[in-house]
Amino acid sequence: MIRTLALTAAAALAIAAPAHAGGVRVDLAGKSPAQVEADVAKAARSVCFRATRNETLMLHAYTRCVKATTKASLDTYAAARAPSNAALAAR
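Small disclaimer: the values here were computed from a predicted structure and weren't measured.

*Asks:* Explain the nonpolar core to me, please; I cannot follow it from the model alone.
*Replies:* For soluble globular proteins, the rule of thumb is that nonpolar side chains tend to be buried together. Counting residues in each nonpolar core, the largest one holds six residues, listed as Val26, Leu28, Val36, Val40, Ala43 and Tyr77. It is helix 2 (residues 33-52) that provides the largest number of residues to this core, a total of three residues.

What follows is the structure, given as structure tokens:
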């Protein structure tokens, strides 16, 4: 089972993020899907704020970054969980 998920704004941004934007790790152990989604969205807001704070159109870039980063991270999470669900369905 996937236990942590790393978020980096650079992976999901269509804008050029500064190199110091960094990333955040979200602990997933023992959390429900709703808790995971909430934690990922919170982490995305943090990462994207740092990544877009120097943009000319910061609000637009920030909003776009949060949506893209959250979607990419949750897609990664879903893909990581899919093989275990398929194995259970095959039983």
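The discussion continues.
*Asks:* Can you help me understand the pattern of salt bridges in this one?
*Replies:* Pairing between side chains of opposite charge can happen when the charged atoms of each approach one another. Here the structure, examined in full by the defined rule, presents two salt bridges. A salt bridge links Lys31 to Asp39, with the nearest nitrogen and oxygen atoms 2.3 Å apart. A relative accessible area of 26% places Asp39 in the partly exposed class. The partner of Asp75 in a salt bridge is Lys71, and the shortest N-O contact between them spans 2.8 Å. Highlighted residues: Asp75 and Lys71, both in helix 3 (residues 58-90), separated by four residues, approximately one helical turn.

*Asks:* Hey, could you run me through the environment of Leu74 in this one?
*Replies:* Here Leu74 is to be found in helix 3. Looking at Leu74, the relative accessible area reads 21%, which means it is partly exposed. Discounting residues that sit within four places of it in the chain, Leu74 has contacts with Val36, Glu37 and Val40.

*Asks:* What am I meant to see in the state of the cysteines here?
*Replies:* Think of a disulfide as a covalent bridge from one cysteine sulfur atom to another cysteine sulfur atom. Inspection of every chain in the model, using the stated rule, returns one disulfide. The side chain of Cys48 participates in a disulfide bridge whose partner is Cys65; the two sulfur atoms lie 2.0 Å from each other. Between Cys48 and Cys65 the sulfur-sulfur dihedral comes to about -75°; the bridge is accordingly left-handed. Pair noted here: Cys48 is in helix 2 and Cys65 is in helix 3, with a separation of 17 residues, a long-range link. Of the residues examined, Cys48 reaches a relative accessible area of 0% and is grouped as buried. Owing to a relative accessible area of 0%, Cys65 belongs among the buried residues under this scheme.

What counts, and at which threshold
Residues numbered from 1 in each chain as written. Predicted model: local features only at pLDDT ≥ 70, side-chain atom pairs only at ≥ 80, totals over all residues. Heavy atoms only, no water. Core = buried A, V, L, I, M, F, W, Y, C linked by side-chain atoms within 4.5 Å. Buried < 20%, exposed > 50% of the residue type's maximum accessible area, 1.4 Å probe, protein only. Helix = DSSP H or I, 4+ residues; strand = E, 2+ residues; numbered from the N terminus. Salt bridge = Lys/Arg side-chain N within 4 Å of Asp/Glu carboxyl O. Contact = heavy atoms within 4.5 Å. Disulfide = S-S within 2.5 Å.

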